[in-house]
Amino acid sequence: MMLKRIYSLLTQSERKRGLWVSFSVLIRALLDFAGVAALIPVLLTVFGEKADLNKALWICAAVLLFVLIKNATTIMLTRFQSRFLLDLYKGFSRKMFCNYYHRGLLFLKNRSSVQLGHEVSFVCYIFSLCVLSPIFKIAGEALLLLLMIVSLMLWEPLVAMLLCLGFLPMVMFYVWGLKGKLRKFGAEELEARRAQSRTVVEAFRGYTELEISQAFESSLASFDKGLDEINRNRLKMETVQMFPTCLSEVSIVVGLVLLLLVGDGNLGVVGGVFAVAAYRMIPAVRSILNGWNTFQNASYSIDVVLEGMQEETIPEEYEETFS
């Protein structure tokens, strides 16, 4: 299981810190849920049968103050999470660099220095920011959706049911339909970038030989092939990333149609609640799907980091490097 493999990479202190980050994700989800819930009194007051202007203004002012405090707290929690992920990137990259170096000359001679440098710097960055970060993002947005659905089930079951009927089939279709393809796109792009880097390094190092044999055109053709492969995979990913927006909008329209078909005719407040819930669920679902895209596309980095973090026999004088 991917999560278990990722967990095995963390030290004891990183795991403890990760628990605090997970707790911050929970707090953010609760704050986002409270932000959505705070709009309901405004909705009921403004669109009530006997709207009181003064009361509505006081409620709006209170909600505005709460939203400002909520957003400030969310920013601080987000910075806390980002600092944790960047510290992990720094730790992974440093340890992989030391591990590769201490594996000795024979290992370094048998591996491309360009590939090793790419893994130490770029792949570690991808692992931290495109594998770990989406996990926290998906968890937070999924928790928010769960809170909203449960609350709507208790207060307005019809809205909850229609939102589920609108969103769930679209999400399942998207996830199961593209799961293998996204991993393939990521692995193919990684290999294309490696091949392209090797071509550039070999051309610069072997300049004299290429000039004598007049073989630069062959290197250039290989370079162009790598660029074409990278562009194809990136274009596929850009296309896939457009799907969440389209699917979420389709889901809302489907939900509205169902509301019109099964509603009892008094759709004022129910329709307003549906709109408020959908207003927050659309970006939540979009964020989950885009985070899942990013995670799947960057999942190749898990194997690279796992292999790079494996320690071999290290001289005693270097042990403090990993403390």
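Right, let's walk through the structure included here. (Residues numbered from 1 in each chain as written. Predicted model: local features only at pLDDT ≥ 70, side-chain atom pairs only at ≥ 80, totals over all residues. Heavy atoms only, no water.)

Looking at the element boundaries, Arg103 is found in the loop between α3 (53-102) and α4 (105-110). For Arg103, a relative accessible area of 12% puts it in the buried group. A polar contact of 2.9 Å, which involves the side chain of Arg103, links it to the backbone oxygen of Glu307. In this structure the side chain of Arg103 is engaged in a polar contact, spanning 3.0 Å, whose partner is the backbone oxygen of Gln310. (Helix = DSSP H or I, 4+ residues; strand = E, 2+ residues; numbered from the N terminus. Buried < 20%, exposed > 50% of the residue type's maximum accessible area, 1.4 Å probe, protein only. Polar contact = N/O pair within 3.5 Å; in protein donor to acceptor, adjacent residues only side chain to side chain.)

By the definition in use, this model includes six salt bridges. Arg5 is the partner of Asp303 in a salt bridge, and the nearest nitrogen-oxygen pair spans 2.2 Å. Of this pair, Asp303 sits in helix α11 (residues 300-308) while Arg5 is found in helix α1 (residues 2-8), placing the two residues 298 residues apart along the sequence. The salt bridge partner of Lys70 is Asp32, with a shortest N-O separation of 3.4 Å. Highlighted residues: Lys70 in helix α3 and Asp32 in helix α2 (residues 12-46), separated in sequence by 38 residues. According to the relative accessible area criterion, Asp32 is buried, its value standing at 16%. (Salt bridge = Lys/Arg side-chain N within 4 Å of Asp/Glu carboxyl O.)

Another aspect to go through is the environment of Arg111. Within the secondary structure layout, Arg111 lies in the loop between α4 and α5 (113-155). Excluding residues that lie within four positions of it along the chain, Arg111 makes contacts with Leu116 and Glu119. (Contact = heavy atoms within 4.5 Å.)

Turning to the environment of Leu31, a few remarks are in order. For Leu31, the location among the structural elements is in helix α2. Overall, Leu31 belongs to the buried group, its relative accessible area being 18%. Sequence spacing of Leu31 and Thr74 is 43 residues, and the spatial spacing of their C-alpha atoms is 7.8 Å.

Our next topic: the side chain of Thr199. Residue position: Thr199 is located in helix α6 (residues 157-205). Looking at Thr199, its side chain comes within polar contact range of the side chain of Ser222, at 3.2 Å. Look past the residues within four positions of Thr199 in its chain and what remains in contact with it is Ser219, Ser222 and Phe223.

Next up on the list: the layout of surface pockets. In this model, the largest pocket occupies a volume close to 360 Å³. Elements with a minimum of two residues in the lining of the largest pocket: α1, α2, α3 and α5. A class-by-class count of the residues in the lining of the largest pocket yields 10 nonpolar, three polar and two charged. (1 Å grid on protein atoms, 1.4 Å probe; cavity = no way out; pocket = protein on both sides within 12 Å on 5 of 7 lines; lining within 4 Å. Points joined across faces, edges and corners; volume = space filled by probe spheres on them. Nonpolar A, V, L, I, M, F, W, Y, C, P; charged D, E, K, R; others polar.)

On inspection of all chains with the given rule, the structure shows five aromatic pairs. Note that Arg15 overlies the ring of Tyr7, its terminal NZ or CZ placed 4.2 Å from the centroid. When the ring centre of Phe107 is taken as origin, the NZ or CZ atom of Arg103, which lies over that ring, is 5.1 Å away. (Phe/Tyr/Trp six-rings, centres within 6.5 Å; stacked < 30°, edge-to-face > 60°. Lys NZ or Arg CZ within 6 Å of the ring centre and 35° of its normal.)

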